[in-house]
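What follows is each chain in one-letter form.
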Amino acid sequence: MNAASPSRRLRLLTALLLIPGLAGCFADSGNGESTSGAGGSRLRVALAFPPAENLSPYGADATLLSRLGVTEGLTALDANGAAAPALASSWQRENDRTWRFTLREATFQDGTPLTAAAVAGSLTRAGKARPAPAALSGVSLTVRARGAHAVEVTTAAPDPVLPLRLSSPSLAVFSPKAYDRQGRVDPAGTATGPFVLTKVTGATAATLDRHDDYWGGRAQASGIDARFVADGTARANALRTGDADIAEAIPVSQAAALPKGALRETATPRTTSLLLNSEAGPFRDAGLRAAARAAVDTSALAWGVYEGHADPGTGIYGPAVTWAAGKRTPPAGRARAAWPDGVSVSLATYDNRPELPEAAQVLKQQLEKAGFRVRLVVREYSRLESDALAGKFDAFVLARNSLVDTGDPVAVLASDHTCHGGYNIAQLCDPGIDRAVARAEATTDTAQRQEAALAAEAAILGTDTVVPLVHQRVLTGVATGVRGVLLDPYERTLIDTGTRR
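Residues numbered from 1 in each chain as written. Predicted model: local features only at pLDDT ≥ 70, side-chain atom pairs only at ≥ 80, totals over all residues. Heavy atoms only, no water.

## Examining the overall build of the protein chain
Basically, it comes down to this: Note on conventions: DSSP H or I runs of at least 4 residues are helices, E runs of at least 2 residues are strands, and numbering of each starts at the N terminus. We compute the radius of gyration over the C-alpha atoms and compare it with the globule rule, which gives 2.2 Å times the number of residues raised to the power 0.38. Three labels apply to residues, based on accessible area from a 1.4 Å probe with only protein chains included: buried if under 20% of the type maximum, exposed if over 50%, partly exposed otherwise in between. Between two residues, a contact is recorded if the distance between any of their heavy atoms is within 4.5 Å. His residues and chain termini do not enter the charge count, which takes Lys and Arg as positive and Asp and Glu as negative. Working definition for charges: the position is that of NZ of Lys, CZ of Arg, CG of Asp or CD of Glu.
Scanning the protein chain from N- to C-terminus turns up twelve helices and 17 strands. Against the globule reference of 23 Å for 501 residues, the protein chain gives a C-alpha radius of gyration of 23 Å, in line with a compact fold. When the 501 residues of the protein chain are sorted by exposure, 56% land in the buried category. In the protein chain, 71% of the contacts between residues at least 6 apart in sequence involve partners at least 24 apart. Counting 52 positive and 50 negative side-chain charges, the protein chain places the averaged centre of each group 1 Å from the other.

Written out as structure tokens, the structure is:
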């Protein structure tokens, strides 16, 4: 193994010196072991992202709920990214716009049975949510109960990937008791997963207990004590000191300092990109976007910032999306790079993923070397998201799982890069790209749909509104003796019935 660089050694020494002060946020709450007599220790989990939207299942917090084993949808994603049974035991396509899903026998966490009427009501409310869940970008659903144990889902236009779409964490199913008159959803005790959300302490902690009537069998852990810790060093320290059993998103700078066997590395479809605001500010100019793209050295990021735990960016879809390898079309129609001449730009990112601020600092230096003046903004994600979506920054560094919303490669294009996309941080609105994405959405055959997605990707990259930086491998810390942690490449699941210590 190569010797650590001086900067890396300094970071490790600093982290070790900080252990006493940082580990206190994970001090034993007194319930590390089950006191219910039902057996099984509680799991202590350090999570990177606190709730950004009061645990609404329709936005970024949906994945948080699914990772903690609270929520489920009609379908799930298997290891190959195909739709697998969840609350629906089977399904079939009735015609080009209608699918029929047969429900399994299950019980909501409030004790009421899972019924077709409840499922239809839950999905109908999700379809009416504003802003719409990313999985429903450009899609209109009509859901009807067909007897007690089946639902019929009809889309306004043919949707060949509906079973994939319904696997999205933002389309989880809740009991009728979850909804208030304004349409807000309370996930506490109203979902179907193996763990019941019982308490949320602001943006710092959550307590979950086992759902003993879970259809998939009783969980081996009696509950979960989750802490939301934006500081990646604090998460790693909690694992080192024994205050956490599982710590997600371990910083690469802390990887070598974890106990032997505690680090798990998972290839994912997550790509970190530089998004350039094409609606307002300096990057409305395609020439300046081209200059920014030309200034970026992705190898310096992959090897310098990520220390080899990432691959240089090649596109929206990374190496974990195996079908994209060797099939990309080179971007066409890129503008000629213009001279920045000292133009001032704001560059923002968040510190929940600890490599992002360092990556942004390197980008700042690269852009300034190319002739830009750069003002760097770093905040915790929940304090940054609304400004980013409103287009208040000229440039934004984002880590995004390209298959997280639906498992369908077209979905991220529709939500992030079209005129009406709900997560369009680059503020891109190009009729040609909208048509390319629409063609991909309308394609039924899997191989042809993938080809259409790659064609749309090439068109998007040709605008220079998105500059792929690196394709990430997620690092998870798992304490010795902990078993059954779900190292999901799609980052939807983490804890399940078999997770235990």
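That was the structure; now back to the text.
## Digging into the packing of helix α10 (residues 409-417) against helix α12 (residues 446-461)
Our working rule: To obtain an axis, a line is fitted to C-alpha atoms, over the contacting stretch when the element is a helix, and the angle between two such axes runs from 0 to 180 degrees between their N-to-C directions. Should an angle lie under 35 degrees it is considered roughly parallel, over 145 roughly antiparallel, and from 65 to 115 roughly perpendicular; all remaining angles are considered oblique. Helix crossings are classified by the rotation of the near helix relative to the far one: an anticlockwise turn of less than a right angle makes the crossing left-handed, while a clockwise turn makes it right-handed. We call Asp, Glu, Lys and Arg charged. Ala, Val, Leu, Ile, Met, Phe, Trp, Tyr, Cys and Pro are nonpolar, and the rest, Gly among them, are polar.
Running from N to C, α10 and α12 point in directions that differ by 30 degrees, and their axes come no closer than 9 Å. Accordingly, the angle class assigned to the pair α10 and α12 is roughly parallel. Here the hand of the crossing between α10 and α12 comes out left-handed. Listed contacts from α12 to Pro409, Val410, Leu413 and His417 of α10 are Arg449, Ala453, Ala456, Glu457 and Ile460. Split by residue class, the contact of α10 with α12 holds six nonpolar, one polar and two charged.

## Regarding the nonpolar core
Spelled out, the test is: Only buried residues count toward a nonpolar core. Its members are Ala, Val, Leu, Ile, Met, Phe, Trp, Tyr and Cys residues joined through side-chain atoms within 4.5 Å.
The biggest cluster of nonpolar side chains holds 69 residues, and the ones touching the most others in it are Leu68, Leu74, Phe101 and Ile495. With six residues, the top contributor of residues to this core is helix α3 (residues 116-128).

## Examining the layout of surface pockets
Note the cut-off: Lining residues are those with an atom within 4 Å of a point, where the points come from a 1 Å grid over the protein atoms alone and group into cavities, where a 1.4 Å probe fits but cannot get out, or pockets, open sets with protein on both sides within 12 Å along at least five of seven lines. Grid points are joined across faces, edges and corners, and a volume is the space filled by probe spheres set on the points.
Here the largest pocket is characterised by a volume of approximately 1,100 Å³. Along its surface, the largest pocket is lined by 49 residues, and Gly59, Ala60, Asp61, Thr63 and Glu385 are the ones closest to its centre. Those elements that provide at least two residues to the lining of the largest pocket are α2 (61-67), α9 (385-389) and β16 (395-401). If you tally residues by element for the lining of the largest pocket, the top one is α2, at five residues. Looking at the lining of the largest pocket residue by residue, the classes come out as 25 nonpolar, eleven polar and 13 charged.

## As for unusual backbone geometry
Excluding glycine, residues mostly carry a negative phi; peptide bonds, for their part, are mostly trans. Look at the link from arginine 130 to proline 131: it is a cis peptide, with omega at 0 degrees. On the secondary structure map, proline 131 appears in the loop between α3 and β6 (141-145). Positive phi outside glycine occurs at alanine 249, with the angle close to 50 degrees. By secondary structure assignment, the location of alanine 249 is in the loop between β11 (246-247) and β12 (263-276). The phi angle at glutamate 307 is positive, at roughly 50 degrees, despite the residue not being glycine.

## Points about the side chain of threonine 98
Relative to the helices and strands, threonine 98 resides in strand β5 (residues 98-103). Sequence-distant contacts of threonine 98, that is, excluding residues within four places in its chain, are made with Arg93, Glu152, Val153 and Thr154.

## Some remarks on the packing of aromatic side chains
The geometry of an aromatic ring pair is captured by the separation of the ring centres together with the interplanar angle, meaning the angle of the planes. Spelled out, the test is: Pairing of aromatic side chains here covers Phe, Tyr and the six-membered ring of Trp, requires ring centres within 6.5 Å, and sorts the geometry by plane angle: under 30 degrees stacked, over 60 edge-to-face, intermediate tilted.
Here the structure, examined in full by the defined rule, presents nine aromatic pairs. Where phenylalanine 49 meets tyrosine 381, the ring centres are 6.1 Å apart and the plane angle is 80 degrees; that geometry is what we call edge-to-face. With phenylalanine 49 in the loop between β1 (42-47) and α2 and tyrosine 381 in the loop between β15 (373-379) and α9, the pair connects residues that are 332 residues apart, well separated along the chain. The class for tyrosine 381 is buried, based on a relative accessible area of 8%. When the ring of tryptophan 91 is compared with that of phenylalanine 101, the centres are 6.1 Å apart and the planes differ by 35 degrees; the resulting orientation is tilted. Placement of tryptophan 91 in strand β4 (residues 88-95) and of phenylalanine 101 in strand β5 is noted, with a sequence separation of ten residues between them.

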